[in-house]
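What follows is the residue order along each chain.
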Amino acid sequence: AEPLAMSLYRPLEAAPGMLRFQLVHLGRSVTLSDSLPMLEHMGLRVLDEHPHRIAPHGMPPVSIHDFGIQPAHADADLEVGTLHEVFEDAFGRIFRGEVESDDFNRLVVAARIPAEEIVVLRAYAKYMRQIGFPLSQSFIESTLAAHAGIARLLIELFRARFDPDGGAGAGAHAAEHERAVGA
């Protein structure tokens, strides 16, 4: 079942770099074994969880999970204003099984790349493995997370090359992105 609601927020009393993520779910509770890997694959450390269960008379129970999170790497920016929308969308897609739960999802937090765009980088990595590229998916995930700006440029290059509405200047636009990735 899908979450009823999600909210990434910074409490007023929170220390710098600390956020909370609230997940509201109908029916049975979400186990930590299910939710922790999803959050950790997004480059986050889960510090605590405060679960609550509400069972209104004659209705299915509602579970509320409130996680304390921080970036796994101290240099990561967790500005809730720029992160909450892309984060909540990505977590929902991962939770529903629409997107794989792997370390490519660190790019959601590291580069604010939406889950549906990360799919492109994941597909490239799988293709590279099929053609005999010697480095593992784990290595590719770590490298792109460490160089989130380049990951974003690769997504922009993909868009410039394959957008059917790119128009006459699409080739020049793609060449600009190629130069930026090379630099």
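Quick notes on the rules
- Residues numbered from 1 in each chain as written.
- Predicted model: local features only at pLDDT ≥ 70, side-chain atom pairs only at ≥ 80, totals over all residues.
- Heavy atoms only, no water.
- Helix = DSSP H or I, 4+ residues; strand = E, 2+ residues; numbered from the N terminus.
- Buried < 20%, exposed > 50% of the residue type's maximum accessible area, 1.4 Å probe, protein only.
- Lys, Arg positive; Asp, Glu negative; His and termini not counted.
- Salt bridge = Lys/Arg side-chain N within 4 Å of Asp/Glu carboxyl O.
- Phe/Tyr/Trp six-rings, centres within 6.5 Å; stacked < 30°, edge-to-face > 60°.
- Arc of directions from axis to C-beta.
- Contact = heavy atoms within 4.5 Å.
- Core = buried A, V, L, I, M, F, W, Y, C linked by side-chain atoms within 4.5 Å.

## Brief notes about the side chain of Glu88
Thought 1: Assignment of secondary structure puts Glu88 in helix α2 (residues 80-96).
Thought 2: No salt bridge forms around the buried Glu88; measuring N to O, its nearest opposite-charge neighbour Arg96 is 11 Å away.

## Quick look at the packing of aromatic side chains
Thought 1: In this structure the tally under the stated criterion is seven aromatic pairs.
Thought 2: On the numbers, 6.5 Å between centres and 20 degrees between planes, the contact of Phe87 with Phe91 is stacked. Here Phe87 and its partner Phe91 are both found in helix α2, four residues apart, which amounts to about one turn of the helix. The residues Phe87 and Phe91 share a single accessibility class, namely buried.
Thought 3: In this structure an aromatic cluster arises from ring pairing among Phe21, Phe67, Phe87, Phe91 and Phe95.

## Let's talk about helix α5 (residues 137-146)
Thought 1: All of the buried residues along α5 are Ile140, Glu141, Leu144 and Ala145. Down the axis of α5, the buried side of the element spans an arc of 130 degrees, and every buried residue falls inside it.
Thought 2: Elements in contact with the buried residues of α5: α3 (106-111), α4 (115-130) and α6 (148-162).

## Quick look at the nonpolar core
Thought 1: Counting 37 residues, the largest nonpolar core has Phe21, Met42 and Phe87 as the members making the most contacts within it.
Thought 2: Looking at this core, the elements with two or more residues in it are β2 (19-26), α1 (32-41), β4 (62-71), α2, α3, α4, α5 and α6.
Thought 3: In terms of residue count, α2 provides more of this core than any other element does, eight residues in total.
Thought 4: Non-local contacts of Phe87, meaning those with residues more than four positions away in its chain, are made with Leu8, Phe21, Leu39, Met42, Leu44, Val108 and Val109.

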